[in-house]
Amino acid sequence: MMTAKIQIIIGIILIVALMAIINMIRKRRLELKYALSWLVAIAFVLVLDCFPSLLNKISRILGIWAPVNMIFFLGFCFSLMIIFVLTVTLSRMSERVRKLSQAVALNEEKIEELMKELSEEAS
Amino acid sequence: MKSIVIIPAYNEEKSIVKTVNDIKENAKGFDYVIVNDCSTDRTLEICKENNLCVLNLPINLGIGGAVQTGYLYAYKNGYDYAVQFDGDGQHDAKFLGEMRDYMESHDVDLLIGSRFIEKEGFQSSGLRRFGIKYFSHLIKLLTGVRITDPTSGMRMANRSVMEIYANCYPKDYPEPESAVAILNVGKKIEEYPVVMREREEGVSSISPIRSVYYMIKVTLAILVEALRR
């Protein structure tokens, strides 16, 4: 079903992507926590790429006739999952940013108040 | 009793000084704090030039986040009453004293200034009044409490409500939702008749295009709020 040629091409793409992600984690441009799902996904596809017969087995277990459809289906579910997790993270982030900026505003006012008191004392 | 007026301000350079003067003259015994929600005009500079008390948010949080900053400030500084007050000249400071007297003599946690009890002054456009009536009915249906002016931004809170709002306050179009939130935890809301003016400067945060979003979002927010009970 899959020729050795496409198997190698897919393998190279996956390994390049894997290296790119690891490199970004190394340079701290990507947090390991959020990159984990991508790493797992790449590992999973890499395994399938090396052993294409697994694909047929899994799709038969799931009751999907064409293995290609299973890839589309699983890929779609996985993408949705990542997007949803991102939305949850975004909500939490915006809450934290809000709390932070409110604390900054309150502190700034306090500092100015103290500065005023200080300069009054000095004069 | 320490009381404070919270004035959320986003691009209110033309009316902010007037609003503060109104409070200083007509609401004796009230402190005030302006929350500058990262205005892009000279609001902050004007506040500083006139030596006004201002909290300056480093990023724009929207009306909900700005008002909440005010409640946080009021709560942390030990105020007994905190009242929200628009910076665009719609609200009239002469009612603040009366509202506080009412709260002191009645068992109320949140007192909302309502345009629709005595039906005096600026009554908003027909379409908006329809929206307000709709929210009023929705809240009555879900909580059993009748609020004639659930979108009014003039509302006075005691310390218990201040504490709740300092922790948790809706981000955008917060008024109806925040009222339901405190009704659900058993707080008491009443309304006080006030007269409002048409805004002098600035535009409403609710443009026609956004009003559809507004209706849907606030309806859902109220329903979710009711589910939290």
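Quick note: structure is the one above.
Residue and element names in this part refer to chain A. Judged by side-chain polarity, Phe44, Val45, Leu62, Phe73 and Leu74 come together as a nonpolar surface patch covering roughly 430 Å² of accessible area. For the nonpolar patch, the elements supplying multiple residues, two or more each, are helix 2 (32-50) and helix 4 (67-122). Structurally, the position occupied by Leu74 is in helix 4. Look at Leu74 and you get partly exposed, because its relative accessible area is 30%.

All names here are of chain A. Taken together, the side chains of Glu113, Glu117, Glu120 and Glu121 present a region of like negative charge at the surface. Among the secondary structure elements, Glu117 is positioned in helix 4. Assessed through its relative accessible area of 44%, Glu117 is described here as partly exposed.

Residue and element names in this part refer to chain B. The buried fraction of helix 7 (residues 175-184) is high, at 9 of 10 residues. Within the sequence span of helix 7, burial applies to Glu175, Pro176, Glu177, Ser178, Ala179, Val180, Ile182, Leu183 and Asn184. Buried positions along helix 7 lie against strand 5 (110-114), helix 5 (126-143), strand 6 (155-158), helix 6 (159-167), strand 7 (189-193) and helix 8 (208-227). Backbone geometry just after helix 7 places Gly186 at a positive phi near 85°.

This next bit is on unusual backbone geometry. Residue and element names in this part refer to chain B. Residue Cys38 is not a glycine yet carries a positive backbone phi of 55°. With respect to the helices, strands and loops of the structure, Cys38 is situated in the loop between strand 2 (30-36) and helix 2 (43-49). We note that Tyr173 has phi near 45°; this positive angle belongs to a residue other than glycine. Position of Tyr173 relative to the elements: it lies in the loop between helix 6 and helix 7. A residue is classified by how much of its surface remains accessible, and Tyr173, at 8% relative accessible area, is buried.

At the interface, 13 residues of chain A touch 18 residues of chain B. With both chains or domains summed, chain A and chain B bury close to 1300 Å², and 59% of this area falls on carbon and sulfur atoms. Along the contact surface separating chain A from chain B lie 2 salt bridges. Lys48(B) is paired through a salt bridge with Glu112(A); the nearest N and O atoms lie 3.2 Å apart. The residue makeup of the side of chain A that touches chain B, split by class, is 4 nonpolar, 3 polar and 6 charged.

So, about the packing of aromatic side chains. Residue and element names in this part refer to chain B. Taken as a whole and assessed by the stated rule, the structure comprises 9 aromatic pairs over all chains. Residues Tyr71 and Tyr169 carry aromatic rings whose centres are separated by 6.1 Å and whose planes lie at 55° to one another, so their mutual orientation is tilted. Of this pair, Tyr71 sits in helix 3 (residues 62-76) while Tyr169 sits in the loop between helix 6 and helix 7, and the two are 98 residues apart along the sequence. Here Tyr71 falls in the buried class, since its relative accessible area comes to 0%. Measuring from centroid to centroid gives 4.8 Å for Tyr173 and Tyr214, while their planes differ by 65°, and the two rings are edge-to-face. Separated by 41 residues along the polypeptide, Tyr173 in the loop between helix 6 and helix 7 and Tyr214 in helix 8 bring together distant segments of the chain. With a relative accessible area of 7%, Tyr214 lands in the buried category. For the cation-ring pair, Lys2 lies above Tyr79, with the distance from its terminal atom to the ring centre recorded as 4.6 Å.

All names here are of chain B. Burial along strand 6 is two-sided: Arg155 and Ala157 facing one way and Met156 and Asn158 facing the other are all buried. One ladder, built from 3 bridges, connects strand 5 with strand 6; its direction is antiparallel. Within strand 6, the residue paired with Leu110 across the bridge is Ala157.

Our focus in this paragraph is the side chain of Asp41(B). All names here are of chain B. Topologically, Asp41 is positioned in the loop between strand 2 and helix 2. The buried charged residue Asp41 lacks any salt bridge, with Lys14 as its nearest oppositely charged partner at 7.4 Å. A polar contact is formed between the side chain of Asp41 and the backbone nitrogen of Glu13, at a distance of 3.2 Å. In this structure the side chain of Asp41 is engaged in a polar contact, spanning 2.6 Å, whose partner is the side chain of Thr43.

What counts and what doesn't
Residues numbered from 1 in each chain as written. Chains lettered and ligands numbered in written order. Predicted model: local features only at pLDDT ≥ 70, side-chain atom pairs only at ≥ 80, totals over all residues. Heavy atoms only, no water. Patch = residues over 30% accessible without salt bridge, like charges linked within 9 Å, V, L, I, M, F, W, Y side chains within 5 Å. Areas by Shrake-Rupley, 256 points an atom, 1.4 Å probe, with all protein chains shown as cover. Salt bridge = Lys/Arg side-chain N within 4 Å of Asp/Glu carboxyl O. Helix = DSSP H or I, 4+ residues; strand = E, 2+ residues; numbered from the N terminus. Buried < 20%, exposed > 50% of the residue type's maximum accessible area, 1.4 Å probe, protein only. Lys, Arg positive; Asp, Glu negative; His and termini not counted. Charge placed at Lys NZ, Arg CZ, Asp CG, Glu CD. Contact = heavy atoms within 4.5 Å. Buried area = accessible area lost by both parts, 1.4 Å probe. Nonpolar A, V, L, I, M, F, W, Y, C, P; charged D, E, K, R; others polar. Phe/Tyr/Trp six-rings, centres within 6.5 Å; stacked < 30°, edge-to-face > 60°. Lys NZ or Arg CZ within 6 Å of the ring centre and 35° of its normal. Pairing = 2+ DSSP bridges. Polar contact = N/O pair within 3.5 Å; in protein donor to acceptor, adjacent residues only side chain to side chain.

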